Amino acid sequence: KLGIALVGLGNYATNQLAPALQQTSLCRLAGIVTGTPEKAEKWSKQYNIPTKNIYNYQNFDQIANNPDIDVVYVVLPPSMHREYVVRAAKAGKQVFCEKPMAPSVADCEAMIKACADNKVKLAIGYRCQHDPNTQAYMKFAKEKTFGKVRMVTCGAGYFDARTTHWKQNKALGGGVMGDMGVYALQGARLATGEEPMSVTAQFHTTRPDIYKEVEETATFQLEFPSGALAACHTSFGINMNYLQANCEKGWFKMEPFSSYSGNKGSSPQGPIDFPLQSQQAKQLDDDTSALMKGMSLIAPGEEGLRDIRVVEAVYKSVANGGKTIKL
Ligand code: NAD
């Protein structure tokens, strides 16, 4: 099994990735990188991680000399992704990085270049792309099962009660657009199988005292080369988790479409409801398998960059009073 080191032991690493790494068949939790000594001690005991595989943010680069670690998985706030992906690549490790890939296109390009220069692969944690339920609706788009997709409506949001987390902090890469917004954007891109040509966006908030520096809710409209349109919504204040595609000769829809489990939907062909034990375990095994076989990754750095190009254009649209931005 390939050894994976998780960098940043916050909510997602603790509650999703570490448990998933107990269910994977091709990789295992071999190391951790944390700034908190108490977490190091707890994880070391819980997951039987030897002291030599535990790093902090200062001595992290020494991971280059550790043969137990094949892959570094960056699970930090988005503004820190670039630094740790580049350091991992320079250490000669394969790299997995959480979404959103980074706050800017320039960051994403630097991350892709660092991995290419050091001859390592870069996978982005788009767990839904590994889910057979997502793959089922992607197939409808690819095969034009119901003719061309004409209109996608997609919403990804939840009520975040926190007020001082990095999600509310611009410098750390917060704001809903990069966070839940990439799910709505992925929904539109995957359900059409196309890349948007233009975007028009608006920001809203009902909690201006909390959402001072970043957006709480974003709505954005996309136009695709085939003429397909998408209306996407994303929010830290509104619960929504659905996708609907209206096609020339039919439709497909998913609700929920981007959960950790239980994604399901339907089309005129019947239900879309494929069982999946752990989406994260599937993602980790799919990506590890691709590394072992030298095959292409399902969601490489270039896929993360595609989304961040649109995210940047969303900010540009809002900064220009809701102008339509060509991509
Ligand atoms: P979190 O706040 O719970 O954890 C962040 C971790 O980074 C913490 O351990 C924190 O101590 C550490 N950290 C180090 N330096 C920090 C700093 N300067 N400021 C703040 N934290 C710092 O966040 P999370 O929800 O675990 O998210 C981490 C990453 O995972 C993000 O990129 C997020 O978008 C992504 N994520 C992905 C999914 C998914 O479904 N794929 C779900 C949740 C989070």
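From a predicted model like this one, the values you see are computed outputs, not experimental measurements. (Residues numbered from 1 in each chain as written. Predicted model: local features only at pLDDT ≥ 70, side-chain atom pairs only at ≥ 80, totals over all residues. Heavy atoms only, no water.)

(A) Just the overall build of the chain, in detail. In terms of regular secondary structure, the chain is built from 8 helices and 15 strands. For the chain, whose C-alpha radius of gyration is 20 Å, the value lies close to the compact-globule estimate of 20 Å for 327 residues. Summarising its shape, the C-alpha atoms of the chain cover approximately 60 × 45 × 35 Å along the three principal directions. For the chain, the residues scored as buried account for 55% of the 327 residues in total. Sequence-distant contacts in the chain: of pairs separated by 6 or more residues, those separated by 24 or more amount to 69%. Total accessible area on the chain stands at roughly 14,000 Å², and carbon and sulfur atoms take up 52% of it. Where the 36 positive side-chain charges of the chain centre and where its 31 negative ones centre are 3 Å apart. (Helix = DSSP H or I, 4+ residues; strand = E, 2+ residues; numbered from the N terminus. Rg over C-alpha atoms; globule rule 2.2 N^0.38 Å. Buried < 20%, exposed > 50% of the residue type's maximum accessible area, 1.4 Å probe, protein only. Contact = heavy atoms within 4.5 Å. Areas by Shrake-Rupley, 256 points an atom, 1.4 Å probe, with all protein chains shown as cover. Lys, Arg positive; Asp, Glu negative; His and termini not counted. Charge placed at Lys NZ, Arg CZ, Asp CG, Glu CD.)

(B) Molecular detail of the sheet that holds strand β10 (residues 229-235). Read across the sheet, 9 strands follow the order β14-β13-β12-β11-β7-β10-β9-β8-β15 without closing on themselves; strand pairing throughout is mixed. Since the sheet does not close on itself, it has two edges, and those belong to β14 (270-272) and β15 (325-326), each with one partner. Bridge count between strand β7 (residues 149-157) and strand β11 (residues 240-247): 8 bridges; the pairing is antiparallel. Counterpart to G155 in the pairing with β11 is Y242. Contacting β8 (198-204), β9 (217-223) and β15, helix α8 (residues 301-319) crosses the sheet at an angle of about 60° to β8. (Pairing = 2+ DSSP bridges. Axes fitted to C-alpha atoms, helices over the stretch in contact; angles between N-to-C directions.)

(C) Structural detail: the environment of C247. Positionally, C247 belongs in strand β11. What makes C247 buried here is its relative accessible area of 10%. Excluding anything up to four places from it in sequence, C247 contacts F146, G147, K148, V149, R150 and F252.

(D) Main features of the pattern of salt bridges. For the structure shown, the criterion picks out 16 salt bridges. E303 is the partner of R306 in a salt bridge, and the nearest nitrogen-oxygen pair spans 2.5 Å. Note that R306 and E303 are positioned in helix α8 at a spacing of 3 residues, about one turn of the helix. By relative accessible area, which is 5% here, E303 ends up buried. Each of the salt bridges in this network shares a partner with another, and the network as a whole consists of R189, E195, E303, R306 and D307. (Salt bridge = Lys/Arg side-chain N within 4 Å of Asp/Glu carboxyl O.)

(E) Local environment of the sheet that holds strand β1 (residues 2-7). Taken together, the 6 strands give an open sheet; going across it, the order is β3-β2-β1-β4-β5-β6, and neighbouring strands pair in parallel fashion. Both edges of this open sheet fall to β3 (54-55) and β6 (122-124), since each of them pairs with a single strand only. Sheet topology note: the β1/strand β4 (residues 71-74) ladder contains 4 bridges and is parallel. Paired with V7 across the two strands is V74, which belongs to β4. In this fold helix α7 (residues 279-293) packs onto β1, β2 (27-33), β4, β5 (94-97) and β6, with an angle of close to 155° to the strand it touches most, β5.

Everything listed here is a matter of coordinates, which is why it stays silent on function.
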